[in-house]
Amino acid sequence: MAITLKLNGKTHTVNAEPGTPLLWVIRDELKLTGTKFGCGVASCGACTVHMNGEPVRSCQTYIEDVEDAEITTIEVMEEDKIGAAVQQAWLELDVVQCGYCQSGQIMNAVGLLRENAKPSVEEIDEYMYGNACRCATYQRIRAGVQRAAEILEA
């Protein structure tokens, strides 16, 4: 079935069976590999993208549910003011260790800062809960979110 979707500001028509996860369309059909496969059950956050500005797990978001939505992936986050601040903070604080989960971490952090420009430590932990980091860089991720908020405030 042909589905038209808007991804990173461009319109794409793809052929996909109903029930196909958005993740596989992004990675396999559109060849954007920044969004990662982690668990397939929306538990780890590696596949996080934005749908209409809100973080969603693309492994459990089906292609037929995104036809009228604006999907944004990590590939264009530097064009977003908040996304650029988060990426700057991540680099300044050397947040990344292996990096596998970081696109999902960044996408979720951007979602948080869109909702709350100055989150507390508790609010960061609550919002970022469910984004797994196998290297356990949670303290650096938390510091990165705080630093991004400072950058945006300046």
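Heads up: these notes are all about the structure in this document. (Residues numbered from 1 in each chain as written. Predicted model: local features only at pLDDT ≥ 70, side-chain atom pairs only at ≥ 80, totals over all residues. Heavy atoms only, no water.)

1. Notes on the environment of I151
Item 1. Its place among the elements puts I151 in helix α5 (residues 138-153).
Item 2. Here I151 falls in the buried class, since its relative accessible area comes to 16%.
Item 3. In the structure, I151 is positioned 61 residues away from W90 in sequence and 12 Å away in space, judged by C-alpha atoms.
Item 4. Among residues more than four places away in sequence, those in contact with I151 are A85, Q88, A89 and E92. (Helix = DSSP H or I, 4+ residues; strand = E, 2+ residues; numbered from the N terminus. Buried < 20%, exposed > 50% of the residue type's maximum accessible area, 1.4 Å probe, protein only. Contact = heavy atoms within 4.5 Å.)

2. With respect to the sheet that holds strand β5 (residues 70-72)
Item 1. Here we have five strands laid out as an open sheet, ordered β2-β1-β5-β3-β4, and mixed in their pairing. Looking along the sheet, the strands with just one partner apiece sit at the ends: β2 (10-15) and β4 (54-57). With strand direction ignored, the average angle separating the axes of adjacent strands in the sheet is 40 degrees.
Item 2. Pairing analysis gives four bridges linking strand β3 (residues 48-51) to β4, with the strands arranged antiparallel. The partner of M51 across the bridge, within β4, is E54.
Item 3. Lying on the sheet, helix α1 (residues 22-29) is in contact with β1 (2-7), β2, β3 and β5; it crosses β2 at an angle near 100 degrees. (Pairing = 2+ DSSP bridges. Axes fitted to C-alpha atoms, helices over the stretch in contact; angles between N-to-C directions.)

3. Quick look at α5
Item 1. For α5, spanning 16 residues, the distance from its first C-alpha to its last is 23 Å, which sits close to the expected 22 Å at 1.5 Å a residue.
Item 2. For α5, the set of buried residues is I141, G144, V145, A148, A149 and I151. Angular distribution of buried residues about the axis of α5 spans 160 degrees; they occupy a single face of the element. Exposed and facing more than 90 degrees away from the buried side of α5 are Q139 and E153. (Expected span 1.5 Å × (residues − 1). Arc of directions from axis to C-beta.)

4. Topic: the nonpolar core
Buried together is how nonpolar side chains tend to be arranged in soluble globular proteins.
Item 1. Ranked by size, the top nonpolar core spans 23 residues in total, and within it V86, W90, L113 and V145 carry the most contacts.
Item 2. For this core, the secondary-structure elements that each account for two or more residues are α2 (81-92), α3 (102-115), α4 (121-128) and α5.
Item 3. Element by element, the count of residues in this core is highest for α3, at six residues.
Item 4. Those residues in contact with V86, other than ones at most four positions away along the chain, are I106, A109, V110, L113 and A148.
Item 5. Counting residues in hydrophobic clusters, the runner-up holds 15 residues, among them L5, V25, V49 and A69. (Core = buried A, V, L, I, M, F, W, Y, C linked by side-chain atoms within 4.5 Å.)

5. Examining the packing of α3 against α4
Item 1. Two elements in contact, α3 and α4, have axes separated by 10 Å at closest approach and are oriented at 130 degrees. Comparing their axes, α4 and α3 come out oblique. Crossing of α3 over α4 shows right-handed handedness. Seen from α3, the contacting residues are Q105, N108, A109, G111, L112 and E115; seen from α4, they are I124, Y127 and M128.
Item 2. Looking at the contact of α3 with α4 residue by residue, the class counts come to five nonpolar, three polar and one charged. (Parallel < 35°, antiparallel > 145°, perpendicular 65-115°, else oblique. Left-handed = near helix turned anticlockwise from the far one by under 90°. Nonpolar A, V, L, I, M, F, W, Y, C, P; charged D, E, K, R; others polar.)

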